[in-house]
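These are the residues of each chain, in order.
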Amino acid sequence: MQFPESWLREFCNPALSSAALAELLTMSGMEVEESRPAAPAFSGVVVAQVLAVARHPNADRLSVCQVDAGTGTLLNIVCGAPNVRPGIKVPCAVVGALLPPQQDGAGFEIKLGMLRGVESQGMLCSARELKLSEDHGGLLILGPDAPVGQDVRTHLKLDDNILTLKLTPNLAHCLSVFGVARELSALTGAPLHTPSFAPVQATHRDKLPVRIEAPDLCGRFSGRIVRNVNPNAATPHWIVDRLARCGQRSVSALVDISNYVMFELGRPTHIFDLDKIDGGLSVRWGRPGEKLELLNGSTIEVDDQVGVIADSHAVESLAGIMGGKTTAVSDATQNVYVEAAFWWPQAVAGRSRRFNFSTDAGHRFERGVDPATTVAHIERITALIIDVCGGQAGPVDDQITGLPASEPVSLRIDRATKVIGMQVTQAECESVMRRLGLQFTSVPGQLTVTPPSWRFDLQIEEDLIEEVIRVLGYDTLDSAPPRAALAPLVASEQTRGGSRLRRDVAALGYQETINFSFVEERWEHELAGNAQPIRVLNPIASPLAVMRSSLLGSLVNALRYNLARKCDRVRIFELGRAYLRDPAAPDDDVTVAGLRQPLRLAGLAYGSAQELQWASKERGVDFYDVKGDIEALFAPRELRFVACIHPALHPGRSAAIELDGRRIGHLGELHPKWRQGYELPLAPVLFELDAAALMQRKIPVMTPVARQQPVWRDISVIVSEVVNHDRLVQIVVSAGAPLVRSVRLWDIYKPVGPGASGAISADERSQTLRMELLDDDVTLTEEKIETVVAAVLAALKQQLGARLRA
């Protein structure tokens, strides 16, 4: 919110400098985002009146003006402004005046000069030349009451500061100059000048029929008819100037008055053209299919979730947000209806965002506007309308269907002391409540506060505690550091933290990515097989509408981002949480009932297996490269890779990863369908692991060097094509235990073409295994070795139908 400091000081004027005032507001929670001068530095510019205007003898577009600048003699000034004319009062820079710096940063000094043969004894100024606005259409015309010879800075009150406040949503009561002044008075103890508005005498008895059909939309609706107004009346300069310093341009007298009262008192109002209203007004929820052309020129379609004000013919206004164009005031308006209402915050919140715009009115009403002052604010607007535009006011029609209940809130003094971190007394707490204008009752050790109608943010004890320290001042807090007994926790060697895990993955050549937890619904359906993902109630962007149950979609999207920027080799990973539905999940400090949030590690490799180098030929990364990386992360623990089906992965080039008999993740190439769907030139290799399994590791145990020499034996067996390597090795190790220490597959042979080998059929293949045999106690004899080999062959024949290759 933006406003001039001088306006604030009219309501409350503490003995503080501008810098100290800004610091106080910031430290009390009303952050002053910017404090800047209302006008740049200049001097020697006074109010002057143009008495006569004659054409320049040597230039068609210049005029020679006789000007009274209060110096005692008339000044002869050459002017090129198109709007110069006798009788107007304008800023005049006399000889010696210093105007604001121009584009080169240097000040511009006015000197006595000759323009096309005519002496010019000064300069008549536009608003742009004084850096007051960007308007350069002509001279800045001042009001007729401007004293000739007075310094323009004094007349226009340019020695002022513009304050821009960045308010949090709970400070709705500070969304006006008077609201900030009320807080300033509480903070400093300076007197608050509360405005009072005498009722405007009604000169006719006309009322507009109004019916409130939705009490859950509108709790109070006040209105008044004002007849015979002059919509073309000029807005007083003091209103225009204040609106400009609030960042609001002048539109017309009626609109300016409504905006002025909103900045002054915090209540948005609306002025209807009475003659354009068909019948009466009804305050209700919208109906599907109803359309409304707004003041900003856009046409929207409402539904039963949007509040409207309608007449007997059509919708005329978006309740609490923006008026409609049909009943807007214009230059032909004669009679108006002034409306001020209390809209329930929950009935307005989020509605303007549905239509992709925001308004000052919606911003205020969705946070809460005082419901007790609608009539007083109508009196204020009515008085301004009659003063500026004339007219005759009718009686105020005030309808109340329900107002917010002020529920008492208790404040325990000892609780406030504990939360604030310093000793506060009951007397201090009572003083704070009085300064804030809060009614309360007290018993020893406790206050019971009844929030006023303008405070929507006082609902729990902590809200009152915040008020106590905010008014007392955060600078009163003790600066001593807290004292506590610290017991350092010893990290177990069996666990690996998240930071260490990230470093270990990065050491394998992967780069970390950080992605949103909310993703596109398409990713969940296609890459996670999740038909019912957890939806985000208020997504930051419409595509990011669901919570991810897998990290793979985020990595594929990051790959596409890198490929679009010509990165042909990508290795990335992410350590993050997935979000799954789980009816068994409890509701406690770290979990939400029905939802499970496991921590996962996912990675992606794309492009060449190695950086470009001379020592080896370039080849693409494959399943086994990434499998080796995963095994390195888990070493010395051994993993099992079991063929499986995963919705995101190639059905013939993917595997489930098991550790100690438990499935902990998946690995594989991206499914060809999704490679084509996501427009990828090559299929990346992806993996996703349970991070909890990675964070647990075995402590290395020293084993002595074997005293005996190991023995190696090779066997070539013919087995069916369907027999996998894992099953084959498992049988060999089991049958040869305890002497068989390791088994490696080092050759696979399958005849090519018909009749290539009569011993191996078309659905068979030969696999050669190398077994390592070792006995820690004695040297292995040939007899014992042959016994183990025979046992292995017998087990393979019995369980797999294998036979020894001749």
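All values reported here derive from a predicted model rather than from experimental measurement.

## Notes on the overall build of the protein
Each helix and strand in the protein was counted, giving 21 helices and 41 strands. What you see for the protein is a C-alpha radius of gyration of 41 Å, clearly larger than the 28 Å of a compact globule of 806 residues, by over 25%. Over its C-alpha atoms, taken along the principal directions, the protein stretches across nearly 130 × 80 × 65 Å. Counting only residues that meet the buried cut, the protein has 47% of its 806 residues in that class. Across the protein, every contact between residues at least 6 apart in sequence was considered, and the portion connecting residues at least 24 apart equals 69%. With the model as given, the accessible surface of the protein reaches about 41300 Å², and the carbon-plus-sulfur share is 51%. For the protein, the centre of its 83 positive side-chain charges and the centre of its 95 negative side-chain charges are spaced 4 Å apart.

## Some thoughts on the packing of helix α12 (residues 426-435) against helix α13 (residues 461-472)
Contact pair α12 / α13: the axes reach a minimum separation of 9 Å and the direction vectors enclose 90°. If you check the angle between α12 and α13, you find them roughly perpendicular. Residues Cys 429, Val 432, Met 433 and Arg 435 of α12 form the contact with α13, whose own contacting residues are Leu 464, Glu 467, Val 468, Val 471 and Leu 472. In the contact of α12 with α13, the residues fall into seven nonpolar, no polar and two charged.

## Things to note about the packing of aromatic side chains
Enumeration according to the criterion identifies 11 aromatic pairs in this entry. Ring geometry for Phe 221 versus Trp 343: centroids 6.4 Å apart, planes at 80°, classification edge-to-face. Here Phe 221 is found in strand β13 (residues 218-227), whereas its partner Trp 343 is found in strand β21 (residues 336-343), with 122 residues between them in sequence. A residue is classified by how much of its surface remains accessible, and Phe 221, at 1% relative accessible area, is buried. Arranged with centres 6.2 Å apart and planes meeting at 90°, the rings of Tyr 510 and Phe 687 form a pair that is edge-to-face. Here Tyr 510 is found in the loop between α14 (498-507) and β27 (511-512), whereas its partner Phe 687 is found in strand β37 (residues 685-690), with 177 residues between them in sequence. An aromatic cluster is present here, built from Trp 7, Trp 238 and Tyr 260 joined pairwise through their rings. Lying over the aromatic face of Tyr 510, Arg 571 brings its terminal NZ or CZ to 5.4 Å of the ring centre. For the cation-ring pair, Arg 770 lies above Trp 746, with the distance from its terminal atom to the ring centre recorded as 5.4 Å.

## A few points about the side chain of Glu 183
Within the element layout of this structure, Glu 183 appears in helix α4 (residues 177-188). Of the polar contacts made by the side chain of Glu 183, one reaches the side chain of Arg 470; its length is 2.6 Å.

## As for the sheet that holds strand β26 (residues 446-450)
Taken in spatial order, the three strands line up as β24-β26-β25 in an open sheet, and their pairing is antiparallel. Each end of this open sheet is capped by a strand with a single partner; those strands are β24 (409-412) and β25 (439-443). Neighbour to neighbour, the strand axes of the sheet diverge by 25° on average, direction disregarded. As defined by bridge partners, β24 adjoins β26 across four bridges and the pair is classed as antiparallel. By the bridge assignment for β26, Leu 411 is matched with Leu 447. Docked against the sheet, helix α11 (residues 413-420) engages β24 and β26, running at close to 70° with respect to β24.

## Regarding the packing of helix α20 (residues 725-736) against helix α21 (residues 782-800)
One way to put it is that α20 packs onto α21 with a least axis distance of 9 Å and a crossing angle of 135°. For the element pair α20 / α21, the angle class is oblique. The chirality of how α20 crosses α21 is right-handed. Each of Arg 727, Leu 728, Ile 731, Val 732, Ala 735 and Gly 736 in α20 lies in contact with α21, whose residues at this interface are Val 788, Ala 791, Val 792, Ala 795, Leu 796, Gln 799 and Leu 800. Residues of the contact of α20 with α21, tallied by class, amount to 10 nonpolar, two polar and one charged.

## Topic: the pattern of salt bridges
One pass over the structure, following the stated rule, counts 47 salt bridges. For the salt bridge of Asp 303 with Arg 354, the shortest nitrogen-to-oxygen distance reads 2.5 Å. Residue Asp 303 is found in the loop between β17 (299-301) and β18 (307-310), and its partner Arg 354 is found in helix α8 (residues 351-354); the two are separated by 51 residues along the sequence. For the salt bridge of Asp 457 with Arg 455, the shortest nitrogen-to-oxygen distance reads 2.9 Å. A relative accessible area of 13% means that Asp 457 is categorised as buried. Judged by relative accessible area, which is 4%, Arg 455 ranks as buried. Through salt bridges with shared partners, a single network forms among Glu 183, Arg 455, Asp 457, Glu 467 and Arg 470.

## Concerning a nonpolar patch on the surface
A cluster of nonpolar side chains, namely Met 27, Tyr 474 and Leu 477, defines an oily patch on the protein surface of about 240 Å² accessible area. Looking at the secondary structure, you find Met 27 in helix α2 (residues 18-27).

## Re the pairing of β37
Among the six residues in β37, five count as buried, and that is most of the element. Where strand β33 (residues 599-606) and β37 come together, six bridges link them in antiparallel fashion. Bridge assignment links Gly 603 to a residue of β37, and that residue is Phe 687. With five bridges connecting them, strand β36 (residues 662-670) and β37 associate as antiparallel partners. By the bridge assignment, His 666 is partnered in β37 with Glu 688.

## Topic: the sheet that holds strand β12 (residues 210-212)
With mixed pairing, five strands are arranged side by side in an open sheet as β12-β15-β18-β19-β20. The open sheet is flanked by β12 and β20 (322-323), the only strands paired with a single partner. Bridge analysis of strand β19 (residues 315-318) against β20 gives two bridges, and the strand direction is antiparallel. For Leu 318, the partnering residue across the bridge sits in β20 and is Met 322.

## Considerations on the environment of Cys 389
As for its placement among the helices and strands, Cys 389 is situated in helix α10 (residues 374-389). Among the residues examined, Cys 389 registers a relative accessible area of 5% and is labelled buried. A C-alpha to C-alpha distance of 54 Å links Cys 389 and Thr 425, two positions 36 residues apart in sequence. What Cys 389 contacts, discounting residues up to four positions off in sequence, is Asn 228, Val 229, Asn 230, Ala 233, Ala 253, Leu 254 and Leu 384.

## Regarding helix α5 (residues 237-245)
Every buried residue of α5 is listed here: Ile 239, Arg 242, Leu 243 and Arg 245. Along the axis of α5, the buried residues cluster in a sector spanning 165°; they form a single face. Tucked inside the fold, the buried residues of α5 contact β1 (2-4), α1 (5-11), β11 (161-166) and α6 (253-265). Gly 247 occupies a position one or two residues after α5 and carries a positive phi of about 80°.

## Considering the nonpolar core
Formed by 68 residues in total, the largest nonpolar core has its most connected members in Phe 3, Leu 8, Val 180, Ile 385, Leu 411 and Met 433. Looking at this core element by element, the count peaks at eight residues for α6. Setting aside anything within four residues of it in sequence, one finds Val 180 in contact with Met 1, Phe 3, Leu 8, Leu 25, Met 30, Leu 165 and Cys 174. Listed in part, the 38 residues of the second largest apolar core include Cys 218, Ile 300, Val 315 and Phe 365.

## Overview of the pairing of β33
In terms of burial, β33 is largely enclosed, as seven of its eight residues are buried. In terms of strand pairing, strand β30 (residues 570-577) meets β33 through eight bridges, oriented antiparallel. Looking at the pairing, Val 570 lines up with Tyr 606 of β33.

Rules and cut-offs
- Chains are numbered independently. Their residues run from 1 in the order of the written sequence.
- With pLDDT at 70 or above as the cut-off, local features in this predicted model cover only qualifying residues; side-chain atom pairs require 80 or more to be listed or tallied, and sums for whole chains, interfaces and linings still use all residues.
- As a convention, hydrogens and water are excluded, and side-chain values are obtained from all of the structure's heavy atoms.
- Helical segments are the DSSP runs of H or I of at least four residues, strand segments are the runs of E of at least two, and each set is numbered from the N terminus.
- Radius of gyration: C-alpha atoms only; globule rule: 2.2 Å multiplied by the number of residues to the exponent 0.38.
- Exposure classes here rest on a 1.4 Å probe applied to the protein chains alone. A residue is buried below 20% of its type maximum, exposed above 50%, and partly exposed in between.
- Note on contacts: a residue pair is in contact if any heavy atoms of the two residues lie within 4.5 Å.
- Only the protein chains shown count as covering a residue, and every accessible area follows the Shrake-Rupley method with a 1.4 Å probe.
- Charge counting treats Lys and Arg as positive and Asp and Glu as negative, with His and both chain ends excluded.
- The atoms used to mark charge sites are NZ of Lys, CZ of Arg, CG of Asp and CD of Glu.
- Where helices are involved, their axes are fitted lines through C-alpha atoms of the stretch in contact, as for all axes, and angles between N-to-C directions lie from 0 to 180°.
- Here is the rule for angles: anything less than 35 degrees is roughly parallel, anything more than 145 is roughly antiparallel, 65 through 115 is roughly perpendicular, and the remaining ranges are oblique.
- Residue polarity is assigned by list, with Asp, Glu, Lys and Arg as charged and Ala, Val, Leu, Ile, Met, Phe, Trp, Tyr, Cys and Pro as nonpolar; anything else, Gly included, falls into the polar class.
- Only the six-membered ring of Trp is used, alongside the rings of Phe and Tyr, when aromatic pairs are assigned; centres must lie within 6.5 Å, and planes under 30 degrees apart are stacked while those over 60 apart are edge-to-face, with the rest tilted.
- A positively charged side chain is recorded as over a ring if its NZ (Lys) or CZ (Arg) lies within 6 Å of the ring centre. The angle to the ring normal must also be within 35 degrees.
- Pairs of N or O atoms within 3.5 Å make up the polar contacts considered here, provided that, within protein, one atom can donate a hydrogen while the other can accept it, and that residues adjacent in sequence are counted only when both atoms are side-chain atoms.
- Two strands pair under a simple rule: DSSP has to find at least two bridges between them.
- For a crossing to be left-handed, the near helix must be turned anticlockwise from the far one by less than a right angle; the clockwise case is right-handed.
- Here, a salt bridge means any side-chain nitrogen of Lys or Arg that lies within 4 Å of a carboxyl oxygen of Asp or Glu.
- Within this analysis, patches are made of residues with over 30% relative accessible area and no salt bridge. Like charges are joined at 9 Å or less; nonpolar side chains (Val, Leu, Ile, Met, Phe, Trp, Tyr) at 5 Å or less.
- As used here, the arc belongs to the directions running from the helix axis to the C-beta atoms.
- As used in this record, nonpolar core signifies buried Ala, Val, Leu, Ile, Met, Phe, Trp, Tyr and Cys residues forming a set joined through side-chain atoms within 4.5 Å.

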